[in-house]
Amino acid sequence: MTYLNYIDGQWVPAQSGRTIENRNPANTADLIGTFPDSSADDAARAVAAARRAFDSWRLVPAPKRAEILFKAAQIIADRKETFARDMTREMGKVLDETRGDVQEAIDMTYFLAGEGRRLHGQTAPSELRDKFAMSIRQPVGVCALITPWNFPMAIPSWKIIPALVCGNTVVLKPSELTPLSALHFVKVLEEAGVPPGVVNMVTGGPAVGETLTTHPDVSVVSFTGSTAVGKLVNQNCAPHFKKVHLEMGGKNAIMILDDAVLELALEGCLWGGFGTTGQRCTAASRVIIHEKVHDRFVEQFIERAKALRVGDGLDPQMQVGPSISEKQLEKVMGYVEIGKQEGATVACGGRRLTGAAHANGFFHEPTIFTGVTRSMRIAREEIFGPVVSVIKCASLDEAVSIGNDVVYGLSASIYTQDINRAFQAMRDLYTGIFYVNAPTIGAEVHLPFGGTKATGNGHREAGLASLDVFSEWKSIYVDFSGKLQRAQID
Ligand code: UN1
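Residues numbered from 1 in each chain as written. Predicted model: local features only at pLDDT ≥ 70, side-chain atom pairs only at ≥ 80, totals over all residues. Heavy atoms only, no water.

S.K.: Quick one: what's the story with the pairing of strand S4 (residues 27–36), residue by residue and with numbers?
M.R.: Of the pairings in the sheet, the one linking strand S3 (residues 19–24) to S4 comprises 6 bridges and is antiparallel in character. Directly across from Thr19, in S4, lies its bridge partner Pro36. (Pairing = 2+ DSSP bridges. Helix = DSSP H or I, 4+ residues; strand = E, 2+ residues; numbered from the N terminus.)

See the structure below:
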């Protein structure tokens, strides 16, 4: 299959004719299709289309914009299974999880389409007689949306839907590793009746990203990806004072206290650490556990991690899929070496899987490091793979201190039966998301999503907070007194 860009309501190839291949990470012999390897010119054409379409889309009443989005949500729900299968093929995660990814896009679309009849502002009394005061949300303009490969439909939906409901137009650049799921989403929007130019999609690599983040007609950039690339995006956007939303790395910790229900904590650590092959920015890549229960927990954690079935996500028996690419797998293997050199113990796993069932994919054993200290790189740096570091602690205070002792601040969690200690942890972990007696993954669409420190730049997506990224406040004063009234003076 040859897939195309979507610019100004037309499906078009890259002007250069160049393409990139999209292959199944569980079986690289499986070619899913080719996608345009777009250039700066292709990206600029998409921006121009979005800029033109903005003039009329912003004037479509928000409830009407939302009607189209509701229709889109229904179409996605009808095609959930097909989209999930295609997503497993291009991204690798198991079917249950890709169904969840599509569901997250459906949920987000329904939830934020509901804002079409709200988009509430404020009214306030004026300090002057016969004067009315209010604030309303106004759209910002063209939004460039740069999305990663780990949630190939959910994350595009987190950005596209709030942008559209607020009256903006968009250019989406999905990861070149998972463009098909983004394309499905965009096609559904077209089918639901989004007018030409309002949504554009350009696939490709850094040349597209560079154009989108430097183009003077782009007003908002929303980026999810690595902290290193997020820094570049931020720098590119600075000269034009673009509004920038960045959602970047994580090094999320599950803290397990000595009174925790260990079986529950165990299930949480397996799901949080090895679900999505550890390729979530919310992944529980650190387990900080009280010394009293450490040995008992670790023994079972190893046993259960060894029993995880790793393989092609289309096989319903499998629990853990491949890494997304050779490069990503090499990164994982590199960190396993680093961990060994740092003196941590490989308690299980530690190797690439190379048997017949795994030979054509990027599979790695679920890996647990024990004897990890907070200063080791495997305890501080984002690995984005099936590798969990277990760190011992002696108290809640120490757990909190280790938990906070990383540059990131996305998600954290605590397992305890003690409500006082749970509340202390809720207060003291400086993260954007926190869980009690649940792992660090599994955020729901109607609450703000994002993190502190090197994870983000102060914005949130999802929830109503996402409207703040894609709209600007305008305060309006209407003086119906018929005379000049001076605020602060008369
Ligand atoms: C991500 O890892 O980039 O909370 C997003 C979660 C999912 C979203 C993760 N709902 O784990």
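S.K.: Could you give me a rundown of helix H4 (residues 95–113), with the residues and numbers involved?
M.R.: The terminal C-alpha atoms of H4 lie 27 Å apart, and with 19 residues this matches the ideal 27 Å at 1.5 Å per residue to within 8%. Among the structural elements, helix H2 (62–78), helix H3 (80–91), helix H5 (154–165), helix H6 (179–192), helix H9 (262–274) and helix H14 (466–469) are those in contact with the buried residues of H4. (Expected span 1.5 Å × (residues − 1). Contact = heavy atoms within 4.5 Å.)

S.K.: Break down the packing of aromatic side chains for me, with residues and values.
M.R.: Overall, the coordinates contain 7 aromatic pairs when judged by the stated rule. Their ring planes at 15° and their centres at 4.6 Å tell us that Tyr3 and Phe35 sit as a pair that is stacked. Remark: Phe35 occurs in strand S4 and Tyr3 occurs in the segment before strand S1 (5–7); sequence separation between them is 32 residues. Among the aromatic residues, ring-to-ring pairing joins Phe274, Phe297 and Phe301 into one connected group. Geometry around Phe151 places Lys93 over its ring, the cationic atom sitting 3.7 Å from the centre. (Phe/Tyr/Trp six-rings, centres within 6.5 Å; stacked < 30°, edge-to-face > 60°. Lys NZ or Arg CZ within 6 Å of the ring centre and 35° of its normal.)

S.K.: Pulling in residues and values, what's your account of the packing of H3 against H4?
M.R.: Look at H3 against H4: their axes get within 8 Å of each other, and the N-to-C directions meet at 125°. Our classification of the angle between H3 and H4 gives oblique. Pair H3 / H4 crosses with right-handed handedness. Mapping the contact onto sequence places Lys80, Glu81, Phe83, Ala84, Arg85, Met87 and Thr88 in H3 and Leu95, Thr98, Arg99, Asp101, Val102, Gln103 and Ile106 in H4. Classifying every residue of the contact of H3 with H4 gives 6 nonpolar, 3 polar and 5 charged. (Axes fitted to C-alpha atoms, helices over the stretch in contact; angles between N-to-C directions. Parallel < 35°, antiparallel > 145°, perpendicular 65-115°, else oblique. Left-handed = near helix turned anticlockwise from the far one by under 90°. Nonpolar A, V, L, I, M, F, W, Y, C, P; charged D, E, K, R; others polar.)

S.K.: Mind laying out the sheet that holds strand S21 (residues 471–479), listing which residues take part and the relevant values?
M.R.: Judged by pairing direction, the sheet is antiparallel, and its 3 strands sit side by side in the order S5-S6-S21 without closing on themselves. Looking along the sheet, the strands with just one partner apiece sit at the ends: strand S5 (122–125) and S21. Going across the sheet, the axis of each strand differs from the next one's by a mean of 20°, ignoring polarity. Looking at chain direction, strand S6 (residues 131–139) and S21 are connected through 9 bridges and run antiparallel.

S.K.: Give me the site of the ligand: which residues, what numbers.
M.R.: Surveying the vicinity of the ligand reveals the residues Glu104, Asn150, Phe151, Ile155, Trp158, Arg280, Cys281, Thr282, Ile441, Gly442, Ala443 and Phe449. Ala443 has a polar backbone atom sitting 2.7 Å from an oxygen atom of the ligand. Residue composition of the shell around the ligand, by class: 7 nonpolar, 3 polar and 2 charged. Two domains each put at least three residues into the shell around the ligand: domain 1 (5–248 + 456–475) and domain 2 (253–436). (Near = heavy atom within 4 Å. Polar contact = N/O pair within 3.5 Å; in protein donor to acceptor, adjacent residues only side chain to side chain. Domains from an automatic or database assignment.)

S.K.: Residues and numbers for helix H8 (residues 227–237), please.
M.R.: All buried positions along H8 are accounted for by Gly230, Val233 and Cys237. What you see down the axis of H8 is that its buried residues fit within an arc of 60°, all on one side. In this structure, H8 carries Ala228 and Lys231 as exposed residues pointing more than 90 degrees from its buried face. At its buried positions, H8 is contacted by helix H7 (206–214), strand S10 (218–224) and strand S11 (243–247). (Buried < 20%, exposed > 50% of the residue type's maximum accessible area, 1.4 Å probe, protein only. Arc of directions from axis to C-beta.)

S.K.: How would you explain the pairing of strand S18 (residues 411–415) if you had to name every residue and give the values?
M.R.: Burial analysis of S18 places 5 of its 5 residues in the buried class, the great majority of the element. Of the two faces of S18, the one carrying Ser411, Ser413 and Tyr415 and the one carrying Ala412 and Ile414 are both buried. Where strand S12 (residues 252–256) and S18 come together, 4 bridges link them in parallel fashion. Of the residues in S18, the one forming a bridge with Ile256 is Tyr415. With 4 bridges connecting them, S18 and strand S19 (residues 433–436) associate as parallel partners. Paired with Ala412 across the bridge in S19 is Phe434. In this region the chain leaves S18, passes through helix H13 (residues 419–428) and returns to the parallel neighbour S19; the handedness of that crossover is right-handed. (Right-handed = clockwise from strand over helix to strand, strands pointing away.)

By themselves these figures say nothing about function.
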